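Structural overview
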Amino acid sequence: MSDREFGGNDDLSLPKATVQKIVSEILHSEPGMTFAKDSRDLLIECCVEFITLISSEANEIAEKDAKKTIACEHVKQALEELDFSDYIPAVLEVAADYKKQQQNREKKQTKIEQSGMTEEELIRAQEELFRSATNKFNSEPQS
């Protein structure tokens, strides 16, 4: 897999501060251990390459299934086919946690719901606005 295959990875990266924070949390248990910036940058490049590899394989699997969206099952199958099966339990656990979070998230209210009016009241208000606009338009002198 080459950079040319994906149009180059120059524009693909992970936030350095976030990666540094993750590494620092992991190294917190190792007193005196530090992580050099060039090591962090190398780790970021490896992560981007791993993500690219898995997502491209998952995309091929999705295309074979005639799907336009990569699903969790496609990622799982990609991990299996690329001999990363050890990661599957953790990936599925994170996916389940995410799905649970999404279900528990407050549903955004639409503008109609935010109005606090019934559908009939909204229709009446809309009709009144149309009448008012029509009257205003008709009462103005035509040039």
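Keep in mind it's a predicted model, so treat the numbers as computed, not measured.

1. Points about the UniProt feature "domain: Transcription factor CBF/NF-Y/archaeal histone" (unreviewed entry) in the chain
Residues annotated in UniProt with the feature "domain: Transcription factor CBF/NF-Y/archaeal histone" (unreviewed entry) correspond here to residues 13–79. Taken end to end, residues 13–79 is 72% helix and 0% strand, and its first and last C-alpha atoms sit 21 Å apart.

2. A short note on the domain arrangement of the chain
You can read the domains of the chain as domain 1 (13–83) and domain 2 (87–142). Using only C-alpha atoms to locate each centre, domain 1 and domain 2 end up separated by 37 Å. Contacts between domain 1 and domain 2 engage 4 residues on the former and 4 residues on the latter. Summed over both sides, the interface between domain 1 and domain 2 buries roughly 420 Å², with carbon and sulfur atoms accounting for 98% of that surface. Ranking the residues of domain 1 by area buried against domain 2 places Cys 72, Lys 76 and Leu 79 at the top, with a combined share of 76%. At the junction of domain 1 with domain 2, the criterion picks out 0 salt bridges. Taken together, domain 1 and domain 2 are joined by 0 residue pairs in polar contact (both at pLDDT 80 or more).

3. Overview of the packing of aromatic side chains
Within the structure shown, the criterion is met by 3 aromatic pairs. Ring geometry for Phe 50 versus Phe 84: centroids 5.0 Å apart, planes at 90°, classification edge-to-face. Remark: Phe 84 occurs in the loop between helix H3 (72–81) and helix H4 (88–104) and Phe 50 occurs in helix H2 (residues 37–64); sequence separation between them is 34 residues. Note on Phe 50 and Tyr 87: the rings are 5.8 Å apart at their centroids and 55° apart in plane angle, and the pair reads as tilted. In this pair, Phe 50 is assigned in helix H2 and Tyr 87 in the loop between H3 and H4, connecting sequence segments 37 residues apart. Classification of Phe 50 as partly exposed rests on a relative accessible area of 31%. Connected via pairs of aromatic rings, a cluster forms that spans Phe 50, Phe 84 and Tyr 87.

4. Details of the pattern of salt bridges
Applying the stated criterion to the full structure yields 3 salt bridges. Glu 128 is the partner of Arg 131 in a salt bridge, and the nearest nitrogen-oxygen pair spans 3.1 Å. Placement of the pair is Arg 131 and Glu 128 together in helix H6 (residues 119–139), with a separation of 3 residues, close to one helical turn. By relative accessible area, Glu 128 is classed as partly exposed at 44%. Linked through salt bridges whose partners overlap, the residues forming this network are Lys 16, Arg 40 and Asp 41.

5. Some words on the packing of H3 against H4
One way to put it is that H3 packs onto H4 with a least axis distance of 10 Å and a crossing angle of 165°. What the angle tells us is that H3 and H4 run roughly antiparallel. As H3 runs across H4, the sense of the crossing is right-handed. Contact residues: H3 offers Cys 72, Lys 76, Leu 79 and Glu 80, while H4 offers Ile 88, Val 91, Leu 92 and Ala 95. Its residues placed into classes, the contact of H3 with H4 shows 6 nonpolar, no polar and 2 charged.

6. Quick word on unusual backbone geometry
For Ala 66, which is not a glycine, the phi torsion comes out positive at approximately 60°. With respect to the secondary-structure elements, Ala 66 resides in the loop between H2 and H3. Although it is not a glycine, Asp 83 adopts a positive phi angle of roughly 60°. By the secondary structure assignment, Asp 83 is in the loop between H3 and H4.

Definitions and cut-offs
- Residues numbered from 1 in each chain as written.
- Predicted model: local features only at pLDDT ≥ 70, side-chain atom pairs only at ≥ 80, totals over all residues.
- Heavy atoms only, no water.
- UniProt positions renumbered as here; feature names shortened; annotations may be inferred.
- Helix = DSSP H or I, 4+ residues; strand = E, 2+ residues; numbered from the N terminus.
- Domains from an automatic or database assignment.
- Contact = heavy atoms within 4.5 Å.
- Buried area = accessible area lost by both parts, 1.4 Å probe.
- Salt bridge = Lys/Arg side-chain N within 4 Å of Asp/Glu carboxyl O.
- Polar contact = N/O pair within 3.5 Å; in protein donor to acceptor, adjacent residues only side chain to side chain.
- Phe/Tyr/Trp six-rings, centres within 6.5 Å; stacked < 30°, edge-to-face > 60°.
- Buried < 20%, exposed > 50% of the residue type's maximum accessible area, 1.4 Å probe, protein only.
- Axes fitted to C-alpha atoms, helices over the stretch in contact; angles between N-to-C directions.
- Parallel < 35°, antiparallel > 145°, perpendicular 65-115°, else oblique.
- Left-handed = near helix turned anticlockwise from the far one by under 90°.
- Nonpolar A, V, L, I, M, F, W, Y, C, P; charged D, E, K, R; others polar.

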